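Residues per chain are reported as follows:
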Amino acid sequence: MSSLPPAARSRAARRLVGAAARGRFALPVCMRCGAVQYPPRDVCVRCLYERLQLRAVPEGGTLLAVTTVRVTTDPWFRARLPWRIGSVRLDSGPTAIAHLHGGCEAGARVRLELKLDRSGEAVLFALPAVETATMQDDRQLREFTQEPRGRNILVTDGSSALGRETARALALAGARQVWVGSGQSSPAFAPRAVPSAGATDLPNIMPLVLDAADPRQLQQCAAQIGAELDVVVNTADGFRAGGGLSPDGAALVRASFEAVVVGLANLAQAFGPALCARAADPAHGMPAWVNVLSIYACASRPEWGAYSAAHAAARSYLSCLRAQFGRAGVRVAEVLTGPLDDPAHSDQPPPLVRPGQVAAAVVELLRAGREEVVVGEVAQDLLARLADSPKALERELARGVP
Ligand SMILES: [Zn+2]
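Attention here is on the structure that accompanies the text. For clarity, every value in this text was computed on a predicted model and none was experimentally measured.

Whenever strands of a sheet pair, they do so through backbone hydrogen bonds, lying parallel or antiparallel. Pairing within the closed barrel is mixed, and its 5 strands lie in the order β3-β4-β5-β7-β6. Across the sheet, the mean angle separating the axes of adjacent strands is 50 degrees when strand polarity is ignored. Looking at chain direction, strand β5 (residues 95–100) and strand β7 (residues 122–128) are connected through 2 bridges and run parallel. Note on β7: the bridge partner recorded for L100 is A126.

Okay, structure coming up:
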């Protein structure tokens, strides 16, 4: 088991995790006097009012002083010394201790981000105010991200445009090696042509025979590539319309669960231990499991009942993996996408999400170290409506409003 950064947090501080997971810079703000609070607390530091809400606040600040830690009793930081931290006066008011990018010097303007550390807890990270081309290569920043450059990545299902585009985007982002799985062979699905699952002009993409329905075959794959594996991107989508009270409803549910949920469980069983072992070595960056999921995992679309239910179950299972992999220091992230512009998803009104958009979101998620990204207008609108009123959204989806 790898050591992890200290994870003790108050409940007030843990509320920052959601903002960090989505890459938003939000801090508690007093609903009476407007004072921004950091560190987070239960009552306003200025007026003792109890209603504090997480709000987006300005990201800028001034770095007042820098400390380079050279001695510590904490095993996680001891393996990464020297480590720079600094006190930053936030433009929004409070002064905070932040982890520092190597380009930040005392007296300089900085830009703050909320990042998730390897324990999955939110921390403040200060970056130079002006972005540079090599900013992502910073040693301390890379402890909080899963930057794809130089890493070995498995894309599980290359039988779809989504899988192929994702592999290509990761290869172009500088991945050392991208293995592209040949896709699933659930017998309940009509076989699909997969002629170009790994065909590519990019030398760092390698096709890999991989059958998510066959645990034994997956174990063989894991034995072959597991020791070098940094990131798994599961692109299995398993789309089929239907699944309600139609004659084939139960069969569709079974097939969807086989492809999306059982496939995920098989893949996790096979490759999870390799990622956890990789996490224990400080020489490697933080390993990650990224799962592409339909936004209808969050609220069922009745005409896609089986598909929605399978993705909801996969999302629930992913939370279980997040807890278990998280203890080893492996990030588990999800890319929630609206309806895809893919031949498999027929008869949908625009706006549709192009597979390339999802691929770009996967790269961005890894690069920023996020835990969740939402792709497309339909998906973002659905989440906003879900936050507003789950029952109103349920009625709208029942009446065919996507
Ligand atoms: Zn106040």
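Okay, the sheet that holds strand β8 (residues 152–155) next. Strand order in the open sheet formed by 7 strands is β10-β9-β8-β11-β12-β13-β14, with parallel pairing between adjacent strands. Single-partner strands in this sheet number two, and they are β10 (205–208) and β14 (372–375). Geometrically, the sheet is characterised by an average inter-axis angle of 20 degrees between neighbouring strands, direction not taken into account. Across 4 bridges, the pairing between strand β13 (residues 331–337) and β14 is parallel. Looking across to β14, one finds that L336 is bridged to V374. Set on the sheet, helix α6 (residues 249–279) makes contact with β8, β11 (231–234) and β12 (288–294); between it and β11 the angle comes to about 170 degrees. Against the sheet, helix α9 (residues 377–388) contacts β13 and β14, and its axis sits at roughly 115 degrees relative to β14.

Calculation rules
Residues numbered from 1 in each chain as written. Predicted model: local features only at pLDDT ≥ 70, side-chain atom pairs only at ≥ 80, totals over all residues. Pairing = 2+ DSSP bridges. Helix = DSSP H or I, 4+ residues; strand = E, 2+ residues; numbered from the N terminus. Axes fitted to C-alpha atoms, helices over the stretch in contact; angles between N-to-C directions. Contact = placed C-beta atoms within 7 Å.

Treat this as a map of the structure, not an account of what it does.
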